[in-house]
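Structural features, examined
The residues making up each chain are set out below.
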Amino acid sequence: ARAGHGGALLLCLDDAMAEIERALLLLREVNSYKWHDELLDTGDEYELIRFIDRNVHPTYLRLVEGVFAPMAKIVAHFSRADRMAGTQGLDVWAIVQELSSGPFRLLTESYRHTVRNGIAHGGITYGHFEIRYRDKKGNEEIIGTPEMVRLCDDLLDTCNGLAAAIKVFSITHQAK
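Residues numbered from 1 in each chain as written. Predicted model: local features only at pLDDT ≥ 70, side-chain atom pairs only at ≥ 80, totals over all residues. Heavy atoms only, no water.

1. Description of the packing of helix 2 (residues 17-31) against helix 3 (residues 45-82)
Their axes nearest at 9 Å, the elements helix 2 and helix 3 cross at an angle of 140 degrees. On the basis of their axis angle, the class for helix 2 and helix 3 is oblique. Crossing of helix 2 against helix 3: the hand is left-handed. Residues E19, I20, A23, L24, L26, L27, E29 and V30 of helix 2 touch helix 3, and the partners they reach there are T59, R62, L63, G66, V67, P70, M71 and I74. Here the residues of the contact of helix 2 with helix 3 are counted per class, giving 11 nonpolar, two polar and three charged. (Axes fitted to C-alpha atoms, helices over the stretch in contact; angles between N-to-C directions. Helix = DSSP H or I, 4+ residues; strand = E, 2+ residues; numbered from the N terminus. Parallel < 35°, antiparallel > 145°, perpendicular 65-115°, else oblique. Left-handed = near helix turned anticlockwise from the far one by under 90°. Contact = heavy atoms within 4.5 Å. Nonpolar A, V, L, I, M, F, W, Y, C, P; charged D, E, K, R; others polar.)

In structure tokens, the structure reads:
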């Protein structure tokens, strides 16, 4: 977003504060999970798949819906405002579309639409050290099991970065 949006950003944050506070609580919970950034034993494929099914998939979905979407929505809102485009209808798909081709594309690298929809709607097939995600439209994406764990960790890092940016902005602008 261009310089000079400080006041508008403060208003936007104020309007979204309840959602952001929920996102920060969820983020704190996810950050407390012991399995982040650890090397997993990938020798036992069955145990790794169970771990992904019980831990990684629900965490990835919660991060997308409960943390990434509300925080990245603020960035997408001002990206659209800078282009004089409408700022309504910013669901997670529209947020990612807005940010993926501009200077904020790094924020979207750990979001996979087909993976998100496969997890949310039961379109998951486990294979030999890989997982096939399928959305309602029949789109598919195959990801290796260790890569899915890494994707979730990367999304957590992105969410932590967004949270830090929002906190720093809020702190530096609250006294003004």
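2. Structural notes on the packing of aromatic side chains
Overall, the coordinates contain three aromatic pairs when judged by the stated rule. Relative to F51, the ring of W35 has its centre 5.3 Å away and its plane inclined at 90 degrees; by these criteria the two rings are edge-to-face. Of the two residues, W35 sits in the loop between helix 2 and helix 3 while F51 sits in helix 3, which places them 16 residues apart along the sequence. Grouping residues by exposure puts W35 and F51 together as buried. Here the aromatic rings of F68 and Y111 are separated by 6.3 Å at their centres, their planes lie at 10 degrees, and the arrangement is stacked. Linking F68 in helix 3 with Y111 in the loop between helix 4 (92-99) and helix 5 (113-121), this pair joins segments that are 43 residues apart in sequence. Among the aromatic residues, ring-to-ring pairing joins Y33, W35 and F51 into one connected group. (Phe/Tyr/Trp six-rings, centres within 6.5 Å; stacked < 30°, edge-to-face > 60°. Buried < 20%, exposed > 50% of the residue type's maximum accessible area, 1.4 Å probe, protein only.)

3. A closer look at helix 4
Helix 4 sits mainly inside the fold: six of its eight residues count as buried. The set of residues buried in helix 4 consists of V92, A94, I95, V96, E98 and L99.

4. Observations concerning the side chain of T158
Following the sequence through the fold, T158 ends up in helix 6 (residues 145-174). Residues in contact with T158, not counting those within four places in the same chain, are F68, L107 and S110.

5. Digging into helix 2
Within an α-helix, residues lying three or four positions from one another point in the same direction, as the helix has 3.6 residues per turn. In a regular helix each residue adds 1.5 Å, so 15 residues correspond to 21 Å; helix 2 covers 20 Å between its end C-alpha atoms and thus fits that length. Along helix 2, the positions that sit buried rather than exposed are I20, A23, L26, L27 and V30. Down the axis of helix 2, the sector holding all buried residues measures 125 degrees, keeping them to one side. Exposed and facing more than 90 degrees away from the buried side of helix 2 are R22, L25 and R28. (Expected span 1.5 Å × (residues − 1). Arc of directions from axis to C-beta.)

6. Quick look at the pairing of strand 2 (residues 130-134)
By the alternation rule, side chains of strand 2 split into I131 and Y133, which are all buried, and E130, R132 and R134, of which none is buried. Here strand 1 (residues 124-126) pairs with strand 2 via three bridges, running antiparallel. Its bridge partner being in strand 2, Y126 is matched across the sheet by I131. The turn joining strand 1 and strand 2, which pair antiparallel and follow one another in sequence, is formed by three residues; a positive phi near 55 degrees is taken by F129. (Pairing = 2+ DSSP bridges.)

7. Describing the packing of helix 3 against helix 4
Following both chains from N to C, one finds helix 3 and helix 4 inclined at 50 degrees, their axes separated by 9 Å at the closest point. Classified by the angle their axes make, helix 3 and helix 4 are oblique. Helix 3 and helix 4 meet at a crossing whose hand is left-handed. Contact with helix 3, carried on its side by V64, F68, A69, A72, K73, V75, A76, S79 and R80, involves V92, A94, I95, V96, E98 and L99 of helix 4 and no other residues of that element.

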